[in-house]
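Structural characterization, general
For reference, the chains in residue letters:
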Amino acid sequence: MSAITIRNLPGTVHDSLRRIATERHVSVEALARDALSDLVRQACPVGIDFAKLARDRASLGLVEDGPDWTSTLDDPALSRRVLGLGDT
């Protein structure tokens, strides 16, 4: 497990962290770990960003949905290839 050290943290910030941690019945370390994890999740969302997809499609002039769905498209190996999830 990795660790970090935060230097030059203002005393007022540390005092506030201790107060919040006490109110939530967790350690300051757990509070900081959760806050950093939340920051990463917000910065690196998982899943499809449909709004971005719509913007990208519009910027490329794509107005049609593409070919009809066929049983060939249900192939998991094809999905992995298209998504770049490994050699198939």
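Here's what I pulled together on the structure shown here. Remember, predicted model here, so these are calculated numbers, not experimental data. (Residues numbered from 1 in each chain as written. Predicted model: local features only at pLDDT ≥ 70, side-chain atom pairs only at ≥ 80, totals over all residues. Heavy atoms only, no water.)

Side note on the overall build of the protein chain
To keep it simple, the criterion reads: Numbering goes from the N terminus for both helices and strands, where a helix is a DSSP run of H or I of at least four residues and a strand is a run of E of at least two. Exposure classes here rest on a 1.4 Å probe applied to the protein chains alone. A residue is buried below 20% of its type maximum, exposed above 50%, and partly exposed in between. Just so you know, the count uses Lys and Arg for positive and Asp and Glu for negative, and it drops His and the chain ends. Each charge is placed at NZ for Lys, CZ for Arg, CG for Asp and CD for Glu.
Regarding its fold elements, the protein chain presents four helices and zero strands. Going residue by residue from the N terminus, the α and β elements of the protein chain occur as α-α-α-α. With respect to the principal axes defined by its C-alpha atoms, the protein chain has extents near 60 × 30 × 25 Å. Going through the 88 residues of the protein chain one by one, you find that 5% of them count as buried. Of the charged side chains in the protein chain, 11 are positive and 13 negative; the average position of the first set lies 9 Å away from that of the second.

Details of a nonpolar patch on the surface
To keep it simple, the criterion reads: Like-charged residues are merged into a patch within 9 Å and nonpolar side chains (Val, Leu, Ile, Met, Phe, Trp, Tyr) within 5 Å, provided each residue has over 30% relative accessible area and no salt bridge. The protein chains shown are the only cover counted for residues, whose accessible areas, like all others here, come from Shrake-Rupley with a 1.4 Å probe. Take a side-chain nitrogen of Lys or Arg and a carboxyl oxygen of Asp or Glu: if they are within 4 Å of each other, that pair is a salt bridge.
A cluster of nonpolar side chains, Ile4, Ile6, Leu9, Val13, Leu36 and Leu39, forms an exposed patch at the surface whose accessible area comes to about 560 Å². Examined against the element boundaries, leucine 9 turns out to sit in the segment before helix H1 (11–24).

Thoughts on H1
How we decide: Helix span, expected: 1.5 Å multiplied by one less than the number of residues in the helix.
The first and last C-alpha atoms of H1 sit 20 Å apart over 14 residues, in line with the 20 Å expected at 1.5 Å per residue. Remark: histidine 25 follows H1 within two positions and exhibits a positive phi of approximately 60 degrees.

Examining the environment of serine 59
Selection rule: Polar contacts, as counted here, are pairs of nitrogen or oxygen atoms within 3.5 Å of one another; within protein the pair requires one atom able to donate a hydrogen and one able to accept it, and residues that are adjacent in sequence qualify only if both atoms are side-chain atoms.
Structurally, serine 59 is set in helix H3 (residues 50–59). At 2.8 Å, the side chain of serine 59 and the backbone oxygen of aspartate 56 are in polar contact.

Here we look at the pattern of salt bridges
Under the defined criterion, the tally for this structure stands at five salt bridges. The salt bridge partner of aspartate 15 is arginine 18, with a shortest N-O separation of 2.3 Å. With aspartate 15 and arginine 18 both in helix H1 and three residues apart, this pair spans about one turn of that helix. Exposure remark for arginine 18: the relative accessible area of 39% places this residue in the partly exposed category. One salt bridge in this structure joins arginine 33 and glutamate 29, with 3.1 Å as the shortest N-O distance. Of this pair, arginine 33 and glutamate 29 both sit in helix H2 (residues 28–43), four residues apart, which is roughly one turn of the helix.

Considerations on unusual backbone geometry
At asparagine 8, a position not held by glycine, the phi torsion is positive, near 60 degrees. Within the element layout of this structure, asparagine 8 appears in the segment before H1. The class of asparagine 8 is exposed, set by a relative accessible area of 77%. Its identity as a non-glycine residue notwithstanding, histidine 25 has a phi of 60 degrees, on the positive side. Along the chain, the position of histidine 25 falls in the loop between H1 and H2.

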